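# Descriptive structure summary
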Amino acid sequence: MSTPATAEALPASPPAASRLRPHAWWRRLAALSESTPASVGVVIVLAWVALALLAPLIAPYPPNANDMAALAHTTPSRAHWLGTDQLGRDLFSRILWGARPVLIIAPLAVLGAAALGSLLGLVGGYYGRWIDLVITRACDIVLSFPVIILYMIILAHVGSSAWNIVGVLTLTKAPIIARIVRGMTLDLREREYVAAAKMRGESALYIMLVEILPNARGPLVVDMCLRTGYNVIIIGSLGFLGIGLPPPDPDWGGMVKDTYGMMMVWPHMALFPCAAISSLVVGFNLLAVGLRELGLRD
Amino acid sequence: MTDAPLLDVQNLRVAYATRAGEVPVIPGLSLRLDAGEAFGLVGESGCGKSTVALSIVRYLGRAGRITGGRLLFEGRDLATLDAASLRAIRGRRIAMVYQDPMASLNPVMTVGRQLMEGPMIHAGASVSTARARALAMLQEVKLADPEAVMERYPHQLSGGQQQRIVIAMALIAGPALLIMDEPTTGLDVTVEAAVLDLVRELRSRHRSAILFISHNLGSVVRVCDRVGVMYRGELVEEGSVRQIFTNPRHPYTRGLLDCLPTLGRDKRQAPLVPIAGQVEPARVRPPGCGFAARCAHVETGRCTTGPIPAAEVQSEPGHRVACVRADELVRWTRRSGAAAVPAAGGAREPMIAIHHLTKVYESGRRLRFGASRASVRAVVDVDLAAARGQTLAIVGESGCGKSTLAKVLSGFEVATAGGVTVDGVEVGALPVDARSPALKRKLQMVFQNPDSTLNPSHTVGYAIGRALRRLQDRAPGDLAAGVARLLEVVKLPPGTAARRPRHLSGGEKQRAAIARALAGDPDVIVADEPVSSLDVSVQAVIINLLNEIQAARGATLVFISHDLAVVRYLADTVAVMYLGTVAEVGSVERVFAAPYHPYTEALLSAVPVPNPDHAVARILLEGSVPRAAEVPRGCPFATRCPRRLGAVCDDTPPPVQQLAADHRIACHIPGEELRRLQTALVEPSVARR
């Protein structure tokens, strides 16, 4: 027997208390805390969410207010904890406010991509034949474009707004999710419970959404978490390329773009927004690693 | 021999680290194995058999840890040996054969190279010597054309051939101890019989001791001298094969033997007696006997307070049993019923009838321009019927077409020719999506794999409730009572409704799946190997349950199985299939009595019987099942038939002989001739008093 013998030795039946499942979500969060990467990830992501939510309360300055007096000393000081940018705007306040669009756009785009991608993957994997061929090839075509160039082309045509960025990210990420879900559907559709569902006359839609999709959720959630992190990077890149959120509202990528020319003199102006982006990305990645660990263990 | 034993396990204790802390799975186990001896370790899954084997080679993985005791092998304690010395012993002095040969062989190396590795690494042999050794070894494990086999990759060999290679690899270094962990579990019964005979023969030649682990009591009888029965990590009884199988002392051993269907009994004569309850988790170990909670002879106080020492049975040297009441229990007798009672009822309207059913799979790719597509004839011209309330069993080895037949019945495949009628309605050409709700209700299915039969994301209550809603048009608010009633029918506690499959044991999952199939109150239940992946005691529960449900509801059961003993027990009518055709069909009493079709005869002689007094002439089949594309024109069994007449078998399809009103075989040999040639293979069903 090649499997570790623990599985054999312990006919798994957890203590009665856990079967009652009083607060499923709370239990899951508690389970996450058993994994170090996951707990660090949760702390980072939740910290950013809290900062973004509380920005109006804790930001010491309005994000777009210029403090001309501070222009003489833009470096971090008691008045401006992270210093100011080249226009005298408080960096700390701008980073806090800048977290808001990122934390809305990135997850929203992932949810959109997951919905669209799951649907495509389920339909292609479940029906197979020409339907699968059409969906797979369409996904391949989208995936074959260099993404940044694709974003630039689309955004140049439809204009740049938060909603448009969500739309573009959804369209370009959906094929990746579709591939994952399709692969899992190909396997899951052969399970005996799917056969049992067919034998009691369930519709194809029911089988896809109720019998198959819930069992694909493990890898799907892990991937969504990773993809949220990637979306943060892309939103930053778009801002840096000048096709992100329109100014003057703070946008981490845009903040780097405006100030990287002064890197040699005032490196903090670009470094702090960069640190914000990377910490959030690392947070999502660690969360994904932790979720995968949990998935492997169950 | 009077010197020290080859392997002396003294009070071995093993624990696994789990999230809930360290769980002792082997609380203290002692066993001795002399040089050249074959010791069988039996017990149900989860009883720690494999853990013992892995402890001996110190291969427990990260979670497992030996917490105490000694593992003396050739005088050295394996439990404390350092890694370098262990490496010198593993493979050279102790070799292992695992269950799945495909997982033991490297798929990207020819088997010849893999065989040569052993002598080259362990004995420093040159390439030519190693090659010669490998060839000799392949001859010893009776592989035809060893030169050619040397150059093959594992995937080019059949399961039986692969397992022979693994055995050759294990024996090539001449180990003093060979550990075999369920070596024949995944194999067909005729292949299993051949491998077991091979092990027996090699044993007498190589003088290696064998630790033979199996859940199959029958195969242990074939191979071993002594047997140990394990339950929850403890050796509850040990003794010679004869002692254990003719005079079992421990209630658990008796329970195992009582719940095992054998070829001589059926449901009308001697019902199976399952062991009550189920194996409790290792975490909650009671102070006394581990089996106390399930034992019919438990005596509170004596059995449940202190550890139970193993004591020798009076006047039976070497027979040790860990039961305080062993001497008080009456002597065990092999259960067997009165003389066979013929099945009631004569010719009735068939509930399900299969007529001239043929299913051909067209291969997807075109071989050459102009050439016709390769086709596989999975089921060829099959004619079967079962009346209301009857059980039709379809038995055969893998690849015989029995599962394809089940798929056509349930609508997952459609017939290429011929048809199937259910209660007079033709369904053979109806895919499952095109079947009417009434028809879906009428025919339901129980599947093979307990781990995949229930959706892990849904509770048992949802699965059954959904079936009630779809098949009986119950309103969503009205389901709970129906679910509770069905759970009661399959003897699951009502609380099961709220649980998910991962919290259930294999037997419980299969019971829930049966409840789901019963939701529409079907007239026909198609069960495709429903017990083949369950432990014997659980298997007995499910078989009895199917039997009861069928009797209570008058449903027709189409039972597909590779296990002849289960079929003998459960069926009214039996069809033996080989390569898509029905070789023999008839009432269970007739099929399991001479004259047999030569294939039935070979199958029956291959079944391992857990009775040391039951000696039958073995009929070993030559070669392997031909691929479906290479089936001979005449009798499909002609290539392997031990009673082949000659060219007529190869060229002319065999005539169907009606030997009795309810018995026909497809064979060129006349029935009278077969009767003269064959002797009874099944143990007599009349009790010996």
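Residues numbered from 1 in each chain as written. Chains lettered and ligands numbered in written order. Predicted model: local features only at pLDDT ≥ 70, side-chain atom pairs only at ≥ 80, totals over all residues.

## Let's talk about the overall build of chain B
Put simply, the test is: What counts as a helix is a DSSP run of H or I of at least four residues, what counts as a strand is a run of E of at least two, and both are numbered from the N terminus. Each radius of gyration reported is based on C-alpha atoms, and the globular scaling rule is 2.2 Å times the count of residues to the power 0.38. Note on contacts: each residue gets a C-beta atom placed from the backbone, and two residues are in contact if those atoms are within 7 Å.
Secondary structure summary: chain B contains 23 helices and 24 strands in total. Relative to the 2.2 N^0.38 estimate, which gives 26 Å for 689 residues, the radius of gyration of chain B is 26 Å and therefore close to what a compact globule would have. Considering only residue pairs separated by 6 or more positions, chain B has 68% of its internal contacts joining residues 24 or more positions apart.

## Quick look at the overall build of chain A
Applied cut-off: Any residue with 12 or fewer other C-beta atoms within 10 Å of its own C-beta is exposed, any with 20 or more is buried, and the rest are partly exposed; the C-beta atoms used are placed from the backbone.
The secondary structure content of chain A amounts to 13 helices and zero strands. By its C-alpha atoms, chain A is 75 × 50 × 35 Å across when sized along the principal axes. Relative to its full complement of 298 residues, chain A shows a buried share of 41%. Summarising the internal contacts of chain A: among those between residues at least 6 apart in sequence, 71% fall at separations of at least 24.

## Here's the deal with the interface of chain B and chain A
Defined as follows: Three classes are used: nonpolar for Ala, Val, Leu, Ile, Met, Phe, Trp, Tyr, Cys and Pro, charged for Asp, Glu, Lys and Arg, and polar for all others, with Gly counted as polar.
Taken residue by residue, the interface counts 43 residues in chain B and 24 residues in chain A. Among the secondary structure elements, those contributing two or more residues to the side of chain B that touches chain A are strand E1 (7-18), strand E2 (21-33), helix H1 (49-56), helix H13 (437-442), strand E18 (443-446), helix H14 (450-453) and helix H15 (460-472) of chain B. Across the side of chain B that touches chain A, the residue classes break down as 19 nonpolar, 18 polar and six charged.

## Overview of the pairing of strand E21 (residues 573-578) of chain B
The side chains of a regular strand alternate between both faces of the sheet. All names here are of chain B. Quick reminder of the rule: The rule for pairing is simple: two strands pair if DSSP sees at least two bridges between them.
Counting buried positions over the six residues of E21 gives six, a clear majority of the element. Of the two faces of E21, the one holding Thr 573, Ala 575 and Met 577 and the one holding Val 574, Val 576 and Tyr 578 are both buried throughout. Where E21 and strand E22 (residues 581-587) come together, six bridges link them in antiparallel fashion. Across the sheet, residue Met 577 finds its bridge partner in E22, namely Val 582.

## Some remarks on the sheet that holds E1(B)
Residue and element names in this part refer to chain B. The strand order across the open sheet formed by four strands is E2-E1-E4-E5, and the pairing between neighbours is antiparallel. One side of each edge strand has no neighbouring strand; the edge strands of this open sheet are E2 and strand E5 (76-77). Direction of pairing for strand E4 (residues 64-73) relative to E5: antiparallel, over a ladder of two bridges. Bridged to Leu 72 within E5 is Asp 77.

## Observations regarding the domain arrangement of chain B
For clarity, the threshold we go by: Domains are outlined according to an automatic or database domain assignment.
Domain annotation for chain B reports domain 1 (111-174), domain 2 (350-575) and domain 3 (593-677). A separation of 42 Å is found between the C-alpha centroids of domain 1 of chain B and domain 2 of chain B.

## Brief notes about the packing of H15(B) against helix H17 (residues 506-518) of chain B
All names here are of chain B. Our working rule: Here, axes are lines fitted to C-alpha atoms. For helices the fit covers the stretch in contact, and angles between N-to-C directions go from 0 to 180 degrees. Orientation is classified from the angle alone, with under 35 degrees giving roughly parallel, over 145 giving roughly antiparallel, 65 to 115 giving roughly perpendicular, and any other angle giving oblique. Rotating anticlockwise by less than a right angle from the far helix to the near helix defines a left-handed crossing, while the corresponding clockwise rotation defines a right-handed one.
Contact geometry for H15 and H17: axes closest at 8 Å, N-to-C directions at 20°. Considering their axes alone, H15 and H17 lie roughly parallel with respect to each other. As for the relative orientation of H15 and H17, their crossing is right-handed in sense. Across the interface between the two elements, Val 460, Ala 463, Ile 464 and Ala 467 from H15 touch Ala 512, Ala 515 and Arg 516 from H17.

## What about helix H9 (residues 162-188) of chain A?
Selection rule: Take the number of residues in a helix, subtract one, and multiply by 1.5 Å to get its expected span. Here the bend at a residue means the angle between the axes of two seven-residue stretches, the one that ends at it and the one that starts at it.
The terminal C-alpha atoms of H9(A), which comprises 27 residues, lie 37 Å apart, in line with the 39 Å expected from a rise of 1.5 Å per residue. The largest bend in H9(A) is about 35°, located at Ala174(A), with the proline Pro175(A) one to four residues further on.

## Brief notes about the environment of Ala593(B)
Tracing the chain through its elements places Ala593(B) in the loop between helix H20 (588-591) and helix H21 (598-606). The sequence separation of Ala593(B) and Pro261(B) amounts to 332 residues, and the corresponding C-alpha distance is 17 Å.

## Quick word on the packing of helix H11 (residues 204-240) of chain A against helix H12 (residues 252-259) of chain A
All names here are of chain A. Interhelical geometry of H11 versus H12 gives an angle of 40° and a closest axis separation of 6 Å. By the angle class used here, H11 and H12 are oblique. Read as a crossing pair, H11 and H12 show a hand that is right-handed. The residues of H12 that touch H11, namely those facing Ile 235, Gly 236, Ser 237, Leu 238, Gly 239 and Phe 240, are Trp 252, Gly 253, Gly 254, Val 256 and Lys 257. Residue composition of the contact of H11 with H12, by class: five nonpolar, five polar and one charged.

## Regarding the sheet that holds strand E14 (residues 375-387) of chain B
Residues and elements named next belong to chain B. The four strands lie next to each other as E14-E13-E16-E17, forming an open sheet whose pairing is antiparallel. The outermost strands of the open sheet, each flanked by one partner alone, are E14 and strand E17 (425-426). In terms of strand pairing, strand E16 (residues 417-422) meets E17 through two bridges, oriented antiparallel. Within the sheet, the bridge partner assigned to Thr 421 lies in E17 and is Glu 426. Each of strand E13 (350-362), E14 and E16 is contacted by helix H12 (residues 402-410), which is oriented at about 65° to E14, the strand it contacts most.

## Examining the pairing of E1(B)
All names here are of chain B. Relative to E4, E1 runs antiparallel, the two sharing eight bridges. Along E4, the bridge assignment pairs Leu 7 with Phe 73. Where E1 lies against E2, 10 bridges are found, and the strand directions are antiparallel. Across the sheet, residue Ala 17 finds its bridge partner in E2, namely Glu 22. Remark: two residues form the turn of the hairpin made by E1 and E2, two consecutive strands paired antiparallel.

## Brief notes about the nonpolar core
Rule in force here: We define the nonpolar core as any set of buried residues of the types Ala, Val, Leu, Ile, Met, Phe, Trp, Tyr and Cys, connected via C-beta atoms lying within 7 Å of each other.
Counting 277 residues, the largest nonpolar core has Ala168(B), Leu211(B), Phe212(B), Ile464(B), Val558(B) and Val574(B) as the members making the most contacts within it. Broken down by element, the residue count for this core peaks at 16 residues, all from helix H6 (residues 91-127) of chain A.

## Regarding the confidence of the model for chain B
Residues and elements named next belong to chain B. In plain terms, the rule: Within a predicted model, pLDDT stands for the predictor's per-residue confidence, ranging from 0 to 100.
Here chain B averages 84 in pLDDT, and 92% of its residues register 70 or above. Segment residues 337-342 is flagged for pLDDT under 50; beyond a separation of four residues in sequence, or across chains, it makes 12 contacts in the model. Prediction confidence for the complex, expressed as pTM and ipTM, is 0.82 and 0.81 respectively.

## A closer look at unusual backbone geometry
Leaving glycine aside, a negative phi is the common case for residues, and trans is the common case for peptide bonds. All names here are of chain B. Residues other than glycine seldom take positive phi values, yet Arg 207 does so here, at roughly 60°. One can find Arg 207 in the loop between helix H8 (189-206) and strand E8 (209-214). For Arg 207, a count of 12 C-beta atoms within 10 Å translates into the label exposed.

## Quick look at the environment of Glu312(B)
Within the fold, Glu312(B) resides in strand E11 (residues 311-312). In sequence terms Glu312(B) and Gly239(B) are 73 residues apart; their C-alpha atoms lie 9.4 Å from each other.

## Topic: the environment of Leu213(A)
Residues and elements named next belong to chain A. Secondary-structure assignment places Leu 213 in helix H11. Assessed through the 20 C-beta atoms surrounding it within 10 Å, Leu 213 is described here as buried. For the pair Leu 213 and Arg 200, spaced 13 residues apart in sequence, the C-alpha separation works out to 19 Å. When sequence neighbours within four positions are dropped, the list of residues in contact with Leu 213 reads Ser 118, Leu 122 and Met 208.

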